[in-house]
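# Structural overview for review
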Amino acid sequence: MSMTMTQKILAAHAGLDSVSAGQLIEAKLDVVMANDITGPMALPIVKQMTDKVFDKDKVVFVPDHFTPNKDIKSAENSKAIREFAKQQELTNYFEQGKSGVEHAILPESGIVVAGQCIIGADSHTCTYGALGAFSTGVGTTDIATGMATGELWFKVPSAIKFVLTGKPGPFVSGKDIIIHIIGMIGVDGALYKSMEFVGDGIANLSMEDRFTMANMAIEAGAKNGIFMVDDKTLTYLKEHTTKEYAVYEADADAEYDEVIEVDLAKVRPTVAFPHLPGNAKTIDEIEAMEPIKIDQVVIGSCTNGRMEDMRKAAAILKGHTVHPDVRVMVIPATQKIYKQCVQEGLVEIFIDAGCAFNTPSCGPCMGGHMGVMAAGEKCVSTTNRNFVGRMGHVDSLIYLASPEVAAASAIAGYIANPEKAGDR
């Protein structure tokens with residue numbers, strides 16, 4: 001039976017020759033991950049099921065959402081997973097100050113690789129599909145089951161095939177492309193489906209672009225996003241891990257619910273307006289409107305807090321000053337990226353421009369801390385969601401954008417075209 005990339009990975013982990021869309025299977029897990037919000041809720045369930053997790057090398061805890069701890073409750077949550085990780089002798093517990101945001105630190109640390117079956121108690125676990133893995137977010141009970149047994153049931157998803165062609169133009173990155181795609185299909189356009197990215201255009205995307213796109217597959221309702229493995233993927237794996245991996249390619253006659261072609265050369269810098277990631281508008285459409293004045297800019301998160309993102313933002317901000325009515329938070333996704341920003345002089349650029357340069361954390365992304373918004377305020381953010389109340393008050397407004405659009409907007413004081421940032 002012909003299968004997609006995702007279906008082949010699930011079949012292999014279920015010990016089956018083949019699977020088909022809609023089939024219920026039980027699959028073995030390679031990585032089970034939780035954070036400081038979801039982990040503590042899972043622990044009582046795990047303790048009811050077992051005294052020991054199924055594999056101390058495959059269960060991962062990353063405190064990142066409310067770290068540095070913002071209050072007593074978040075401190076207690078971090079303490080709970082810290083003590084559990086120590087008691088279970090987990091190989092991979094990523095303490096604050098030694099790691100970073102979960103979906104950046106796991107690839108950076110070589111924990112996730114091509115061909116794996118991965119679950120995480122966080123919806124953006126789909127990020128690891130950039131490496132050619134099946135990776136999806138699950139709830140508390142499922143993550144507890146995974147920790148205890150090393151297995152979980154899945155309904156095999158059908159798939160949409162995205163054929164990427166061409167080369168992105170200047171100031172167009174993975175963030176623009178995925179917002180463009182979600183704008184095309186809608187926030188439920190891939191509901192419980194696999195978004196499978198193939199085509200010659202992928203060679204023109206960096207690994208950072210791919211992580212960003214896979215990260216936001218969930219914003220189209222997808223079960224997972226996954227990229228074909230190419231030379232860039234293999235180079236990344238070689239640089240970051242010694243783990244064995246497996247490359248799965250879709251069969252030529254695999255069945256897809258839909259095939260969508262995307263010419264990357266035609267994608268423009270694109271912004272998602274409130275209150276949905278699919279409310280996409282190009283920078284050209286925005287420039288035809290009255291200027292949208294902003295109060296805040298956030299550059300960081302599991303979506304756009306990687307080194308390439310930092311460099312792109314710094315290139316725009318260099319020699320400029322943040323608008324007096326705007327406050328800017330720059331948050332590198334991991335300690336390694338933080339240190340590299342120091343070594344490359346990017347921190348000086350950010351600080352000289354008038355930005356706050358913060359320790360790795362999810363922070364403001366979900367209205368946690370380090371940048372919560374008040375009523376009526378507008379924010380351009382490189383994060384992944386712009387739902388009502390996502391980053392603070394229900395009457396605040398979030399505009400999702402690339403690091404370059406965010407940096408240009410920080411200088412201008414309104415949503416601005418990065419192509420014209422040098423004119424200011």
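Residues numbered from 1 in each chain as written. Predicted model: local features only at pLDDT ≥ 70, side-chain atom pairs only at ≥ 80, totals over all residues. Heavy atoms only, no water.

### Re the domain arrangement of the chain
In terms of domain boundaries, the chain breaks down into domain 1 (5-264) and domain 2 (270-420). Each of domain 1 and domain 2 has a C-alpha centre, and the two are 24 Å apart. Across the domain 1/domain 2 interface, buried area totals approximately 3,100 Å², and carbon plus sulfur atoms make up 59% of it. For the interface between domain 1 and domain 2, the tally reads 1 salt bridge. Of the charged contacts, one joins Glu219 and Arg385 as a salt bridge, the two residues approaching to 3.0 Å between their closest N and O atoms. Where domain 1 packs against domain 2, one counts 21 residue pairs in polar contact (both at pLDDT 80 or more). At the level of elements, α4 (102-108), α6 (174-185) and α7 (207-215) are the ones that each hand at least two residues to the side of domain 1 that touches domain 2. (Domains from an automatic or database assignment. Buried area = accessible area lost by both parts, 1.4 Å probe. Salt bridge = Lys/Arg side-chain N within 4 Å of Asp/Glu carboxyl O. Polar contact = N/O pair within 3.5 Å; in protein donor to acceptor, adjacent residues only side chain to side chain. Helix = DSSP H or I, 4+ residues; strand = E, 2+ residues; numbered from the N terminus.)

### So, the packing of aromatic side chains
The tally for this structure, following the rule as stated, stands at 8 aromatic pairs. A centroid spacing of 4.9 Å and a plane angle of 50 degrees characterise the contact between Tyr338 and Phe357, whose relative ring orientation is tilted. Taken together, the residues Tyr338 in helix α12 (residues 335-343) and Phe357 in strand β16 (residues 356-357) connect sequence positions 19 residues apart. Three or more aromatic residues joined by ring pairs make a cluster, and in this case those are Phe162, Phe197 and Phe227. Across from the ring centre of Tyr192, 5.0 Å away, lies the NZ or CZ of Lys155, which sits over that ring. For the cation-ring pair, Lys281 lies above Phe273, with the distance from its terminal atom to the ring centre recorded as 5.6 Å. (Phe/Tyr/Trp six-rings, centres within 6.5 Å; stacked < 30°, edge-to-face > 60°. Lys NZ or Arg CZ within 6 Å of the ring centre and 35° of its normal.)

### Brief notes about the layout of surface pockets
In this structure, the largest pocket occupies an estimated 410 Å³ of space. Counting residues per element, the ones that place at least two in the lining of the largest pocket are α4, α7, α8 (231-240), α11 (307-317) and α12. In terms of residue count, the dominant contributor to the lining of the largest pocket is α8 (5 residues). For the lining of the largest pocket, a count of residues per class yields 7 nonpolar, 5 polar and 7 charged. Counting contributing residues per domain, the lining of the largest pocket is built from domain 1 (5-264) and domain 2 (270-420), each supplying no fewer than three. (1 Å grid on protein atoms, 1.4 Å probe; cavity = no way out; pocket = protein on both sides within 12 Å on 5 of 7 lines; lining within 4 Å. Points joined across faces, edges and corners; volume = space filled by probe spheres on them. Nonpolar A, V, L, I, M, F, W, Y, C, P; charged D, E, K, R; others polar.)

### Describing the nonpolar core
In terms of nonpolar packing, the biggest core is built from 57 residues, with Leu106, Phe162, Leu164, Ile181, Met195, Phe197 and Met213 touching the most fellow members. The element that contributes the greatest number of residues to this core is α6, accounting for 6 residues. Shared between two domains, this core takes at least three residues from each, and those domains are domain 1 (5-264) and domain 2 (270-420). Counting 47 residues, the second-largest nonpolar core is a separate cluster that includes Ala313, Ile337, Val380 and Val405. (Core = buried A, V, L, I, M, F, W, Y, C linked by side-chain atoms within 4.5 Å. Buried < 20%, exposed > 50% of the residue type's maximum accessible area, 1.4 Å probe, protein only.)

### Some points on the pattern of salt bridges
Tallying each qualifying case throughout the model produces 14 salt bridges. A salt bridge links Lys56 to Asp57, with the nearest nitrogen and oxygen atoms 3.7 Å apart. By relative accessible area, Lys56 is classed as partly exposed at 38%. A salt bridge links Glu287 to Lys420, with the shortest nitrogen-to-oxygen separation between them at 3.1 Å. Within this pair, whereas Glu287 is found in helix α9 (residues 283-287), its partner Lys420 is found in the segment after α14 (403-412), the two being separated by 133 residues in sequence. By relative accessible area, which is 37% here, Lys420 ends up partly exposed.

### Topic: the packing of α7 against α8
Packing of α7 against α8 brings their axes to within 10 Å, and their N-to-C directions diverge by 95 degrees. Classified by the interaxial angle, the pair formed by α7 and α8 is roughly perpendicular. Along the contact surface, α7 presents Met207, Arg210 and Phe211, while α8 presents Lys232, Thr233 and Tyr236. (Axes fitted to C-alpha atoms, helices over the stretch in contact; angles between N-to-C directions. Parallel < 35°, antiparallel > 145°, perpendicular 65-115°, else oblique. Contact = heavy atoms within 4.5 Å.)

### Some remarks on the sheet that holds strand β5 (residues 117-120)
Judged by pairing direction, the sheet is parallel, and its 5 strands sit side by side in the order β4-β3-β2-β5-β6 without closing on themselves. A single partner strand is all that each edge strand has here, and the edge strands are β4 (92-93) and β6 (134-137). Looking at chain direction, strand β2 (residues 31-35) and β5 are connected through 3 bridges and run parallel. Its bridge partner lying in β5, Met33 is registered against Gly120. Contacting β2 and β3 (59-62), helix α2 (residues 38-49) runs over the sheet at an angle of about 115 degrees to β2. (Pairing = 2+ DSSP bridges.)

### Topic: the UniProt feature "binding site: [4Fe-4S] cluster" (unreviewed entry) in the chain
Following the UniProt record, one finds the feature "binding site: [4Fe-4S] cluster" (unreviewed entry) at Cys302, Cys362 and Cys365. The annotated residues occupy 64 residues of the chain but converge on a single region, no pair of C-alpha atoms lying more than 9.2 Å apart. By the element assignment, Cys302 lies in helix α10 (residues 301-304). Apart from residues lying up to four places away in sequence, Cys302 is in contact with Val101, His103, His124, Asn215 and Asn384. Within the secondary structure, Cys365 sits in the loop between β16 and β17 (378-381). In this structure, Cys365 is in contact with Thr383, Asn384, Arg390 and Met391, ignoring residues within four places of it in sequence. (UniProt positions renumbered as here; feature names shortened; annotations may be inferred.)

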